[in-house]
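Structural characterization, general
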Amino acid sequence: MNDQRSNDHRKLGRELGLFDTDPLIGAGLPYWLPDGAVIRHELEEYVRDLERRSGYRHVYSPVLGKRELYERSGHWAHYREDMFPPMRLGAEEVVLRPSLCPHHAVMYRSRARSYRELPLRLAELGGMYRSELSGVLGGLTRVRAIQLNDGHVFCTLDQVAEEAARALALIREAHRVLGIEPVRYRLSLPGAGGKYVAAPELWERSAKLLTEVLDGSGLPYEAQEGEAAFYGPKIDVQIADGAGREATLSTVQVDFHQPEQFELEYIGADGARHRPVMVHRAIIGSVERAVAHLIELYGGAFPAWLAPVQVALLPLSAGEDAAVAELADRCLELGLRAQVLGPEQGTLGARVRAARLVPYQVVVGAREAAQGLVAPRLRDGSRPAPLPVADFLARVAAGVAAREREPRLDG
Ligand SMILES: [Zn+2]
């Protein structure tokens, strides 16, 4: 693994052509270039796939809402400094949303719900906005437009502990696949000051549930006051950058407040109306912060499934052009991202250096072209024996599909 300290994601993001910002668009509003968009797309697809397999249904909701929506949720009273000012539209005021929860709560109550539907797990990779001051903005870690990997589980009180534990397990599974090692699990509790909704017995109940989940997980954790959401305590999974600066990547929260505010209900087995609980969770948190962390973690040498270019094709001479073009087509058919680096781009040594971050580098000479073989090189400098094109492609495709962290060819 690379030295994370020397891998500032802002510098690498520019050098590798992943993302950038422009003063004309504005501070804290990065755009994603094609290679960065590949990483983001693969990451988002991975998360959606993981969520689907864990019983989540995906939804879409608008990034704007009427001011009244956030008055109801409590954001207006407790979170307004972080929100963009409202926009006046005729007699109404609309705001860019500071979170997705209110929309999902409204979707829950769009029709009557039975206990048989619970737990109802809704997920969305959606935009949210934060009016950070321009002085603190930078790269992908402090932004004003955030793509959040959000999800809300609507469940009965009896189901909360299990749902929160499942969410924590999902977070750990994603971190394992992505190679992310958290620096700390934190039980984030309210602190002194007035930014929290008042309901002491509900705070106590939520904190107790989350404590049980953490104790049951066997993970070491620290409780910290002053870090809770305004509506409830959280489990925060902390990561650190190369300079040791900590940030929350993933989170699990128990919320009794918003179900109350939106008067959410379900009909129980007893035929009576009951109030569900909301478990909020983000597996990789914001896509921006997750990608920033992955850039620094891998120094641009991404796992093959995330890599913007997976296979670099290096013909020794123009005589191999046809063989290499055919190889590029076969990669494309398999959904692999290949790039040809021909002799016009320099010596073989120079081209191998240019492709040093690409997981699979393939040198094709006259002998390989004639025999239908490829001579692969891996990023670690190893050079497995030449193998038939079909075998090589099948192994690369299998490694990518399995989201293996390090490229291999012996599978
Ligand atoms: Zn939420």
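Here we summarise the structure given alongside this text. Everything quoted here is computed from the prediction, not taken from an experiment.

Conventions adopted
- Residues numbered from 1 in each chain as written.
- Predicted model: local features only at pLDDT ≥ 70, side-chain atom pairs only at ≥ 80, totals over all residues.
- Pairing = 2+ DSSP bridges.
- Helix = DSSP H or I, 4+ residues; strand = E, 2+ residues; numbered from the N terminus.
- Contact = placed C-beta atoms within 7 Å.
- Axes fitted to C-alpha atoms, helices over the stretch in contact; angles between N-to-C directions.
- Parallel < 35°, antiparallel > 145°, perpendicular 65-115°, else oblique.
- Left-handed = near helix turned anticlockwise from the far one by under 90°.
- Nonpolar A, V, L, I, M, F, W, Y, C, P; charged D, E, K, R; others polar.
- Buried ≥ 20, exposed ≤ 12 C-beta atoms within 10 Å, placed from the backbone.

**Concerning the sheet that holds strand β10 (residues 222–225)**
Taken in spatial order, the eight strands make up an open sheet running β3-β7-β8-β15-β12-β11-β9-β10, and their pairing is mixed. Because the sheet does not close on itself, it has two edges, and the strands there are β3 (57–58) and β10. Contacts from helix α6 (residues 160–178) reach β8 (145–155), β11 (234–240), β12 (246–255) and β15 (277–286) within the one sheet, and its direction differs from that of β15 by about 5°. Helix-sheet contacts for helix α9 (residues 287–298) involve β7 (120–129), β8, β11, β12 and β15, and the interaxial angle to β15 is about 40°.

**Overview of unusual backbone geometry**
Omega for the bond connecting leucine 118 with proline 119 falls within 30 degrees of zero, at -5°, which places this linkage in the cis form. Residue placement: proline 119 occurs in the loop between α5 (101–108) and β7. One non-glycine residue, glutamate 263, lies in the positive phi region at around 50°. The topology assignment puts glutamate 263 in the loop between α8 (257–261) and β13 (266–267).

**What about the packing of helix α2 (residues 34–53) against α9?**
Remark: α2 packs on α9, axes separated minimally by 11 Å, with the N-to-C direction vectors making an angle of 115°. The pairing of α2 with α9 is recorded here as roughly perpendicular in orientation. Seen from above, α2 lies across α9 with right-handed handedness. Residue-level contacts link Ile39, Arg40, Leu43 and Glu44 of α2 to Val287, Ala290 and Val291 of α9. A per-class count over the contact of α2 with α9 returns five nonpolar, no polar and two charged.

**Describing the environment of valine 309**
In this fold, valine 309 is placed in the loop between α9 and β16 (311–315). As a C-alpha pair, valine 309 and aspartate 35 span 274 residues in sequence and 8.1 Å in three-dimensional space. Sequence-distant contacts of valine 309, defined by excluding residues within four places in its chain, comprise Arg337, Gln339 and Val358.

**Points about the pairing of β7**
In summary, the side chains of a regular strand alternate between the two faces of the sheet. Taking burial as the measure, the 10 residues of β7 include seven buried ones, the bulk of the element. Direction of pairing for β3 relative to β7: parallel, over a ladder of two bridges. By the bridge assignment for β7, histidine 58 is matched with alanine 123.

**A closer look at the environment of leucine 133**
Residue placement: leucine 133 occurs in the loop between β7 and β8. Sequence separation between leucine 133 and valine 340 is 207 residues, and the spatial gap between their C-alpha atoms is 44 Å.

**Observations regarding the sheet that holds strand β19 (residues 373–378)**
If you trace the five strands from one edge of the open sheet to the other, you get β17-β16-β18-β19-β20, paired in mixed fashion. The open sheet has two edge strands with one neighbour each: β17 (338–340) and β20 (387–388). With three bridges connecting them, β16 and β17 associate as parallel partners. The residue bridging alanine 312 from the neighbouring strand is glutamine 339, located in β17. Along the sheet, helix α10 (residues 321–333) contacts β16, β17 and β18 (360–364); its crossing angle with β16, the most-contacted strand, is approximately 170°.

As far as function goes, none of this settles anything; it's purely spatial.
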